[in-house]
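# Residue-level structure breakdown
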Amino acid sequence: MLKSLWIGASGMTAQQEKIDVIANNLANIQTTGYKRQQASFSETLTQALSTINQPVMPQGNKQITVGTGVKVGAMNKVFTQGSIVSTGRDLDLAIEGQGFFEVMLPDGRYAYTRDGVWRVGQDGSLVNSSGYPMSAAIYIPPDYQSITISPQGDISVVQADGTLLEAGNIPLYRIDNPTKLNAIGENLYILPEGEDLPESGVAGVDGMGYLKQGFLENSNVDLLTEMTQLINAQRVFQFSSRTIQTSDEMWSMANNLRR
Amino acid sequence: MIRGLYTAATGMLVQEKRQENITNNLVNANTAGYKKSQLAVSSFPEVLLNRIDAINGSSKGVKPVGTISNGAMLAAQTIDFTTGSLEETSNPLDLALTGQGFFTVATPQGTAYTRNGSFSLDGDGYLVDSHGNYVLGLSGPIYLNTTDFTVAKDGTVTVGDEYVDTILITNFNDQTQLQAVGNDLFTALEGAGPRQLDPAEVSLRQGFLEKANINLVEEMVNMLTVLRTYEANQKVIQTQDEILGKSVSEIGSLR
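Just so we're clear, the structure is a prediction, and the values are computed from it rather than from any experiment.

Here the focus is the overall build of chain B. Secondary structure assignment for chain B yields two helices and 21 strands. Here the C-alpha radius of gyration of chain B, 27 Å, is well above what a compact globule of 255 residues would show, namely 18 Å. Along the longest, intermediate and shortest principal axes, the C-alpha atoms of chain B span 95 × 35 × 30 Å. Relative to its full complement of 255 residues, chain B shows a buried share of 38%. Expressed as a percentage of contacts within chain B between residues at least 6 apart in sequence, the contacts between residues at least 24 apart total 64%.

Written out as structure tokens, the structure is:
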């Protein structure tokens, strides 16, 4: 009796975790550059019945096994392209294709992001929405008139006095195996200790994605998929709780064998 | 009397195991590639009953009366390998087999097989399943180190234009000889006859997962059957208990 209770409980716990993941995806559906998380399930170990003194007919070399439930096997982030939406702001950049922006954290580490909302700081560097500067050394005079960024990342600034300034190139960084990235919040990802840092690349070159000025990359969360999975998880949660109720009834029958 | 108690108890034990099996099927309703397991119940082998008989006045003599079975036990486990329906996830690391065959993985205990195509990349960039076992291609573990790869319908893995490997899909001559070992894995017993499935017969979809092949309604009905059978067995034990009680306390009592 105890075992089927725990199997049912494992079902409820696993579905609960999946619902948590779905809730997080839905909460971040409008977050720039957010990449959805996917929870996948896997069976737990099985137990051969003849080894625990259960009445089984000898099977030869094949064992009758009963499973012990389910668990969340992996919670991976899926790095597919999000949809690109137009904002018209001159320092909003969307990456269409592969690549990440690199920013420098206050503690000296490098972080990577797809969030392209930039502004020009007091010292002329490009700063993202959380206040972290882009790691590349780019100077833009804070009192500029207008700014144009080409799909390859070349910055052309029309300064306050009307002259043109070529301010450099915005590098993109290519991370081949993005499943290694750890999300640290604020739309930032870091590579674990000991991993080689990626080399900088130019947008549009060697398979790197293009930059689009005036656009932002929305999340890659698909509302319909998430809702369907939510309904699914809810139903299995319900069935798991039903199995716990039935096992409880059976156990109570065993307890009432002798009044 | 006592024999009757144990016979009914085996009935309850067997139903408990069936309940565990049904519960396991139900909680794995969302596990990719899960194959439902069914337990078959049969009666114990029959034993001969003898009646001690008085022949010609003497008190010796044994006369066979007939056979009786002493309860129920689990006879066999059938794993239903019907293909489940597909679910689109758009995750390039999710693969689904829409036809026959199994993915082949290398575990520390040897080669195992699975239908759960929810894969990821490990720290070194190799394709692994959700337990960290290498997914095998024709030339061994598959080194990718990128999520930007394509898997064709016949299992060919390419990164850009470069061919990497072909995923090894194993088919069996006798699927009943597969042993379920948990963690979504099966091992091949003698007589299973594993052989590589010809790439022309392989049918893989990237970005999809195979759903569990359980039928929720069927499992719920099975669970109801188990519950009521358990209840009936409980009644048998209680009745046996009452009869025993009468024979102990009332037969031969002086009043």
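There's plenty left to go through after this.
We now examine the overall build of chain A. The number of helices and strands found in chain A is two helices and 19 strands. For chain A, the C-alpha radius of gyration of 27 Å lies well beyond 18 Å, the compact-globule estimate for 259 residues. Dimensions of chain A, computed from C-alpha atoms along their principal axes, come out at roughly 95 × 35 × 30 Å. Residues counted as buried form 35% of the 259 residues belonging to chain A. A separation threshold of at least 6 residues defines the contact pool for chain A, and within that pool the share at least 24 residues apart is 65%.

Let us now look at the domain arrangement of chain B. Each assigned domain of chain B is listed with its residue range as follows: domain 1 (2-80 + 216-249) and domain 2 (86-210). Placing the centre of domain 1 of chain B and that of domain 2 of chain B at their C-alpha centroids yields a distance of 41 Å.

As a further point, take the nonpolar core. If you look at the biggest cluster of nonpolar residues, it comprises 36 residues, and the most contacted ones within it are B:Phe103, B:Tyr113, B:Leu127, B:Val135, B:Ile167, B:Ile169 and B:Phe186. Ignoring anything within four residues of it in the chain, the contact list for B:Phe103 reads B:Tyr113, B:Thr114, B:Gly117, B:Val135, B:Ile167 and B:Ile169. Of all hydrophobic cores here, the second largest spans 24 residues; its members include A:Ile149, A:Ile170, A:Leu172 and A:Met208.

Let's shift gears to unusual backbone geometry. All names here are of chain B. The residue serine 90 is not glycine, and still its phi comes out positive at about 60°. Mapped onto the fold, serine 90 is located in the loop between strand S5 (86-88) and strand S6 (95-97). In the Ramachandran plot, aspartate 184 falls in the positive-phi region, its phi being about 65° despite a non-glycine side chain. Relative to the elements of secondary structure, aspartate 184 occurs in the loop between strand S17 (178-182) and strand S18 (185-188). According to the C-beta neighbour criterion, aspartate 184 is buried, with 30 such atoms within 10 Å.

Ordered in space as S13-S14-S15 (chain B), the three strands form an open sheet in which the pairing is antiparallel. The open sheet is flanked by strand S13 (150-151) and strand S15 (162-166) of chain B, the only strands paired with a single partner.

Bringing the interface of chain B and chain A into the picture now. Contacts between the two partners involve 56 residues from chain B and, on the opposite side, 54 residues from chain A. For the side of chain B that touches chain A, the secondary-structure elements that each account for two or more residues are helix H1 (2-27), strand S1 (37-43), strand S4 (72-79), strand S9 (120-121), S17 and helix H2 (216-249) of chain B. Looking at the side of chain B that touches chain A, the element that brings in the most residues is H1(B), giving 13 residues. Partitioned by chemical class, the residues of the side of chain B that touches chain A number 21 nonpolar, 28 polar and seven charged.

With that settled, the discussion passes to the sheet that holds strand S11 (residues 146-149) of chain A. Residue and element names in this part refer to chain A. Pairing is antiparallel in the open sheet, where three strands are placed in the order S11-S12-S13. Each edge of the sheet is formed by a strand with only one pairing partner; in this case those strands are S11 and strand S13 (164-169). In this sheet, neighbouring strand axes are inclined to one another by 20° on average, regardless of whether the strands run parallel or antiparallel. Of the pairings in the sheet, the one linking S11 to strand S12 (residues 154-158) comprises four bridges and is antiparallel in character. Of the residues in S12, the one forming a bridge with isoleucine 147 is valine 157.

Looking at where B:Met73 falls in the secondary structure, it is placed in strand S4. Since 21 C-beta atoms lie within 10 Å of it, B:Met73 is described here as buried. C-alpha separation for the pair B:Met73 and B:Leu13, spaced 60 residues apart in sequence, amounts to 8.4 Å. Ignoring sequence-local partners within four residues, the contact set of B:Met73 consists of A:Pro55, A:Val56, A:Met57, B:Thr10, B:Val14, B:Ser42 and B:Phe44.

Next up on the list: the packing of helix H2 (residues 223-255) of chain A against H1(B). Each pair of packed helices can be summarised by the angle the axes make with each other and by the distance between the axes. Here H2(A) crosses H1(B) at 170°, and the two axes come no closer than 10 Å. By the criterion of interaxial angle, the relationship of H2(A) to H1(B) is roughly antiparallel. Judged by residue contacts, A:Phe239, A:Ser240, A:Thr243, A:Ser247, A:Met250 and A:Ala254 of H2(A) engage B:Met12, B:Gln19, B:Thr23, B:Leu26 and B:Val27 from H1(B).

Looking at where A:Ile95 falls in the secondary structure, it is placed in strand S6 (residues 93-96). With 41 residues separating them along the chain, A:Ile95 and A:Ala136 place their C-alpha atoms 17 Å apart.

At a closest axis distance of 10 Å, the pairing of H2(A) and H2(B) adopts a crossing angle of 10°. Considering their axes alone, H2(A) and H2(B) lie roughly parallel with respect to each other. Seen from H2(A), the contacting residues are A:Phe239, A:Thr243, A:Thr246, A:Glu249, A:Met250 and A:Met253; seen from H2(B), they are B:Leu216, B:Met223, B:Leu227, B:Tyr230, B:Glu231 and B:Gln234. For the contact of H2(A) with H2(B), the residue count by class is seven nonpolar, three polar and two charged.

So, about the pairing of strand S16 (residues 169-172) of chain B. Residues and elements named next belong to chain B. The pairing of strand S7 (residues 102-107) with S16 spans two bridges and is classified as antiparallel. Directly across from phenylalanine 103, in S16, lies its bridge partner isoleucine 169. The pairing of S16 with strand S19 (residues 194-196) spans three bridges and is antiparallel. If you follow asparagine 171 over to S19, its bridge partner there is arginine 195.

The end-to-end C-alpha distance of helix H1 (residues 2-27) of chain A, which contains 26 residues, comes to 37 Å, matching closely the 38 Å that a straight helix rising 1.5 Å per residue would cover. Those residues of H1(A) that are buried lie in contact with strand S1 (37-43), strand S4 (70-77) and H2 of chain A together with H1 of chain B.

Before going further, it helps to spend a moment on the domain arrangement of chain A. Residues and elements named next belong to chain A. Each assigned domain of chain A is listed here: domain 1 (2-79 + 221-255) and domain 2 (84-217). Inter-centroid distance (C-alpha atoms) of domain 1 to domain 2 is 41 Å. Taken together, the residues of the side of domain 1 that touches domain 2 break down into two nonpolar, four polar and one charged.

Calculation notes
- Residues numbered from 1 in each chain as written.
- Chains lettered and ligands numbered in written order.
- Predicted model: local features only at pLDDT ≥ 70, side-chain atom pairs only at ≥ 80, totals over all residues.
- Helix = DSSP H or I, 4+ residues; strand = E, 2+ residues; numbered from the N terminus.
- Rg over C-alpha atoms; globule rule 2.2 N^0.38 Å.
- Buried ≥ 20, exposed ≤ 12 C-beta atoms within 10 Å, placed from the backbone.
- Contact = placed C-beta atoms within 7 Å.
- Domains from an automatic or database assignment.
- Core = buried A, V, L, I, M, F, W, Y, C linked by C-beta atoms within 7 Å.
- Pairing = 2+ DSSP bridges.
- Nonpolar A, V, L, I, M, F, W, Y, C, P; charged D, E, K, R; others polar.
- Axes fitted to C-alpha atoms, helices over the stretch in contact; angles between N-to-C directions.
- Parallel < 35°, antiparallel > 145°, perpendicular 65-115°, else oblique.
- Expected span 1.5 Å × (residues − 1).

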